[in-house]
Amino acid sequence: MIEFADVDAAARRLVGQVQDTPCLASRTLSEITGAEVFLKFENLQFTASFKERGALNRLVLLDAGQRARGVVAVSAGNHAQGVAWHARRLGVPATIVMPRFTPSVKVERTRAFGAEVVLHGERFDEARTHGLALSAARGLTMIDPFDDDAVIAGQGTVAVEMLAAQPGLEHLVVPVGGGGLVAGVAIAAKHLRPGIRVTGVEVERFALVRDALTGERHPLGASSIAEGIAVDRLGERTLPIIRQCVDEVLLVDEGDIEQAVLMLLEIEKTVAEGAGAAPLAALLRHPERFRGQRVGLVLSGGNIEPLLLASIIERGMVRSGRLARLFVDLRDVPGALAQVTTLLADEHANIEQIRHERAFGSIGAQRVEVEIVVQTRGAGHVAALLARLAEAGFAARTG
């Protein structure tokens, strides 16, 4: 098991090589959650993820022969970019193995950092097997995304910076995939501030670490919007550290993650990927665990697909009532629809979409049900719109 001295040495190696990202208080999130919330903005790293830290620490420790032969990593996301970027900076040849399903934007971004990208396998385990084969055949050094002492030590530098910036923190909340980040953070935090609590956060669909700690059994999912922590194997190096140093691992669901991503965007004006928003999701779902404490959340990354972010925003607006779908029953005569749209305009509801169904309707040939999507101020405004439509003689419902 690595010790704080390993994390401290990593911190000295990384000075000036990665960003010492801000760790700032959030007044609004503190009011919402009942805890005093501080955010560690690892999404501001150059590759938008903490993964740079462990990757760089491992690369710096290569001997001359290993540097000359090069390295290989297996990743479909942040680890790939962290290894590729810093390998190029250090002049180390890098090969990144990615599953074939990896979005093209991530493949091209990794190539842009100078790495050779090999697409192999439909599943991550197939890609990993191929990466190990390349390592053996070419003499490349494998840089594991989490199950490596130097990687764990590098990730622990997050806690060193957090406690230097905010020494009064009482509780750190960290996303958990393979466990490299939470293991490193826990080692550093427990040394620097004995008595501090460290809580990990997993998604219910990938609860391997919690299950290993508690004996519970959660079914393994196929995917998650928190793809950075959707890991299907336990770390041989990380799990013992987590058992010894991490106080608890909490679970959140997909809806919790969506809500947290949207809140960070709206309140903090920062983009967090699903894994990066997991700590805030835990505060929102389990507020009693944190109320009244000075809590540091690690926003581990900000690499989220634009279309996914757009979907999360739209779904969040629906949940909050700011985007509503109204079904209005009206007579199929000239001017009826104009009356409805005029009424909605008078009530300051902005119409986003109208679907006027005649041929496939089910309410009779002389009537029509119109589906109207409107932007509103919230659930109260939607209720007022329904009441106003009823007063005008229109049967209306949401759906």
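Reading the values: the criteria
- Residues numbered from 1 in each chain as written.
- Predicted model: local features only at pLDDT ≥ 70, side-chain atom pairs only at ≥ 80, totals over all residues.
- Heavy atoms only, no water.
- Helix = DSSP H or I, 4+ residues; strand = E, 2+ residues; numbered from the N terminus.
- Buried < 20%, exposed > 50% of the residue type's maximum accessible area, 1.4 Å probe, protein only.
- Polar contact = N/O pair within 3.5 Å; in protein donor to acceptor, adjacent residues only side chain to side chain.
- Contact = heavy atoms within 4.5 Å.
- Pairing = 2+ DSSP bridges.
- Right-handed = clockwise from strand over helix to strand, strands pointing away.
- Phe/Tyr/Trp six-rings, centres within 6.5 Å; stacked < 30°, edge-to-face > 60°.
- Salt bridge = Lys/Arg side-chain N within 4 Å of Asp/Glu carboxyl O.

So, the environment of G195
For step 1, the next point in the chain: Here G195 shows up in the loop between helix 9 (180-192) and strand 8 (197-203).
For step 2, the next point in the chain: A residue is classified by how much of its surface remains accessible, and G195, at 70% relative accessible area, is exposed.
For step 3, the next point in the chain: Residues G195 and H171 lie 24 residues apart in sequence; the distance between their C-alpha atoms is 9.1 Å.

Examining the side chain of S224
For step 1, the next point in the chain: If you trace the backbone, S224 turns up in the loop between helix 10 (208-214) and helix 11 (238-245).
For step 2, the next point in the chain: Side chain to side chain, S224 and E254 meet in a polar contact 2.9 Å long.
For step 3, the next point in the chain: Aside from chain neighbours lying at most four places away, what touches S224 is V203, R205, F206, A230 and E254.

Things to note about the pairing of strand 5 (residues 116-119)
For step 1, the next point in the chain: Examined bridge by bridge, strand 4 (residues 94-98) and strand 5 share four bridges and lie parallel to one another. Following the sheet pairing, M98 is matched in strand 5 by L119.
For step 2, the next point in the chain: For the segment spanning strand 4, helix 6 (residues 104-112) and strand 5, crossover handedness is right-handed.

Considering the packing of aromatic side chains
For step 1, the next point in the chain: In this structure the tally under the stated criterion is three aromatic pairs.
For step 2, the next point in the chain: A ring pair is formed by F46 and F113, whose centres lie 6.0 Å apart and whose planes are at 55°; its orientation type is tilted. With F46 in the loop between strand 2 (36-41) and helix 3 (51-60) and F113 in the loop between helix 6 and strand 5, this pair connects stretches of sequence that are 67 residues apart.
For step 3, the next point in the chain: Where W85 meets F113, the ring centres are 5.8 Å apart and the plane angle is 55°; that geometry is what we call tilted. Residue W85 is found in helix 5 (residues 78-90), and its partner F113 is found in the loop between helix 6 and strand 5; the two are separated by 28 residues along the sequence. The two residues W85 and F113 agree in class, both being buried.

Here we look at the side chain of Q81
For step 1, the next point in the chain: With respect to the secondary-structure elements, Q81 resides in helix 5.
For step 2, the next point in the chain: Taking relative accessible area as the criterion, Q81 reaches 2% and is therefore assigned buried.

A closer look at the pattern of salt bridges
For step 1, the next point in the chain: Evaluated as defined, the whole model comprises 33 salt bridges.
For step 2, the next point in the chain: Salt-bridge contacts for E42 lead to R53; the nearest nitrogen and oxygen are separated by 2.8 Å. Of this pair, E42 sits in the loop between strand 2 and helix 3 while R53 sits in helix 3; the two residues are eleven residues apart in sequence, bridging distant segments of the chain.
For step 3, the next point in the chain: Residue E42 is classed as buried on the basis of its relative accessible area, which comes to 0%.
For step 4, the next point in the chain: Its salt-bridge partner being K106, residue E227 comes within 2.1 Å of it at the nearest N-O pair. Separated by 121 residues along the polypeptide, E227 in the loop between helix 10 and helix 11 and K106 in helix 6 bring together distant segments of the chain.

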